[in-house]
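One letter stands for each residue in the lines below.
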Amino acid sequence: MSMLKDALESGKFGITAEMAPPKGYDFTEQMEAAELLKGKVHGVNVTDMQSASLKATGLGLCIKLKQAGVEPILQMTGRDRNRMALMGDALAAAAFGIDTMLALTGDHPVVGDCRDSKPVYDLDSVGILQMLTNMEESGRDCGGNPLAGNAVDKETGEITDKSATPTFYKGASVTPVYEPLFLQINKLRQKVEAGAMYIQTQGIFDLDTFKRFLEEVDKAGIKTHIMAGIIPLKGAGGAKYMNENVPGIAVPQDMIDKLAAAAAEGKEKGIKGLPAKLGMEMAAEMIAKIKDEKLCDGVHVMAIGAEKNVPKILDMAGLSI
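Residues numbered from 1 in each chain as written. Predicted model: local features only at pLDDT ≥ 70, side-chain atom pairs only at ≥ 80, totals over all residues. Heavy atoms only, no water.

**Student:** Help me get a handle on the nonpolar core, residues and values and all.
**Tutor:** In this structure, F210, F213 and I290 are the most contacted members of the largest nonpolar core, which totals 90 residues. By size, the runner-up hydrophobic cluster in this structure holds 8 residues, among which are L4, L8, L104 and Y169. (Core = buried A, V, L, I, M, F, W, Y, C linked by side-chain atoms within 4.5 Å. Buried < 20%, exposed > 50% of the residue type's maximum accessible area, 1.4 Å probe, protein only.)

Here is the structure:
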């Protein structure tokens, strides 16, 4: 069973991290981070060419993580593959015991580093979820063909035993900072109705805004497990960049000012890394508040290249699985 499913369905506070495959084939750095994350999280999301930036495929790193004893979460986007390729990847993942996934539509190639690439978008995130749900319920692939190993009645063509059908703990994402918010709530409802059993949010930095979003989810009667996205800030410049270039990100000015002050202090005293240290502290503080106030079902920590810091942040927040 999916470790994340076991945690969330049993009422535990879910903890996940995230990492990107390399822009090459050497997974050494990722596996070193994985060793530190082992036993600290319920799963590690492996991004699928995030921001349309060419990387090794997520499935490859998911397999490496699984073999190393770390639970991978396979991210699948509709940008680069049609439904046949997506289902093929899902079946291959199941063969390696990978049973947790996250469906995304995917950023358009025009924002990435291989801009001549043509987008596919045969399915969006809702379509991916629905395709996998249909497969799980019917025992058939996206073309209506029985999956190998399922028993089929020769006369009626009906599947009499679908035990060879893989089952995934399916997730999706949501953006709490979105206007008008009702559009995001409606999209969330579609994802849950298509089979999403857990939701990871875009990075949040203001708990009051997050609380308002959760209230709207409750008002809409949407029942699912929500995990708050946490991005440890590394500096004022990076925070400003995300505000200006990453949809759904809104870092409050007071956080940016504190990071800038930490940088100035470090320069004056000749101490490196003060802004990143402060960013870790702010992330840990937010995680602790979310858990203590029981705002949602867990946190998803996106360290963006600093995955080795995640265990430290979790320790600072007093979290363990």
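**Student:** Got a sec to walk through the side chain of N150? Specific residues and values, please.
**Tutor:** If you trace the backbone, N150 turns up in the loop between α5 (125-138) and β5 (151-152). Within the structure, N150 has its side chain in polar contact with the backbone nitrogen of A164 (distance 2.9 Å). The contact partners of N150, leaving out residues within four places of it in the chain, are G139, I159, D161, K162, S163, A164 and T165. (Helix = DSSP H or I, 4+ residues; strand = E, 2+ residues; numbered from the N terminus. Polar contact = N/O pair within 3.5 Å; in protein donor to acceptor, adjacent residues only side chain to side chain. Contact = heavy atoms within 4.5 Å.)

**Student:** An account of the pattern of salt bridges is requested, with residue identities and associated values reported.
**Tutor:** Within the structure shown, the criterion is met by 16 salt bridges. Among the salt bridges present, the one from K40 reaches D315, with a minimum N-O distance of 3.4 Å. Highlighted residues: K40 in the loop between α2 (28-37) and β2 (43-46) and D315 in helix α11 (residues 310-317), separated in sequence by 275 residues. A relative accessible area of 30% means that K40 is categorised as partly exposed. With a closest N to O distance of 3.4 Å, K219 and E216 form a salt bridge. One end of the pair, K219, and the other, E216, are both in helix α7 (residues 207-219), 3 residues apart, so they sit about a helical turn from each other. (Salt bridge = Lys/Arg side-chain N within 4 Å of Asp/Glu carboxyl O.)

**Student:** Could you give an account of the pairing of strand β10 (residues 298-301), with specific residues and numbers?
**Tutor:** The alternating pattern of β10 places G298 and H300 on one face and V299 and V301 on the opposite face, and all of these are buried. With 4 bridges joining them, strand β1 (residues 14-19) and β10 adopt parallel strand pairing. Each bridged residue has a counterpart across the sheet, and for T16 the counterpart in β10 is H300. Bridge count between strand β9 (residues 225-230) and β10: 4 bridges; the pairing is parallel. Bridge pairing in β10 links G229 to H300. (Pairing = 2+ DSSP bridges.)

**Student:** I'd like to hear about the side chain of K191, residue by residue, with values.
**Tutor:** Among the secondary structure elements, K191 is positioned in helix α6 (residues 181-193). With no salt bridge to any partner, buried K191 finds its closest opposite charge in D124, at an N-O distance of 8.3 Å. Excluding anything up to four places from it in sequence, K191 contacts S125, V126, L129, A172, S173 and A196. (Lys, Arg positive; Asp, Glu negative; His and termini not counted.)

**Student:** Requested: an account of unusual backbone geometry, with residues and values cited.
**Tutor:** The omega torsion of the bond from E179 to P180 falls at -5°, within 30 degrees of zero and hence cis. In this structure, P180 sits in the loop between β7 (169-174) and α6. For A52, which is not glycine, the phi torsion reads 60° and is therefore positive. Taking relative accessible area as the criterion, A52 reaches 9% and is therefore assigned buried. The residue K294 is not glycine, and still its phi comes out positive at about 55°. Take K294: it is sitting in the loop between α10 (274-292) and β10.

**Student:** Help me get a handle on the packing of aromatic side chains, residues and values and all.
**Tutor:** In the structure shown here, the tally under the stated rule is 2 aromatic pairs. Here Y169 and Y198 contribute two aromatic rings whose centre-to-centre distance is 5.2 Å and whose plane-to-plane angle is 20°, an arrangement assigned as stacked. Pair noted here: Y169 is in strand β7 and Y198 is in strand β8 (residues 198-203), with a separation of 29 residues, a long-range link. Per residue, the accessibility class of Y169 equals that of Y198, and both read buried. The positively charged end of K291 is found above the aromatic ring belonging to F13, 5.9 Å away from the centroid. (Phe/Tyr/Trp six-rings, centres within 6.5 Å; stacked < 30°, edge-to-face > 60°. Lys NZ or Arg CZ within 6 Å of the ring centre and 35° of its normal.)

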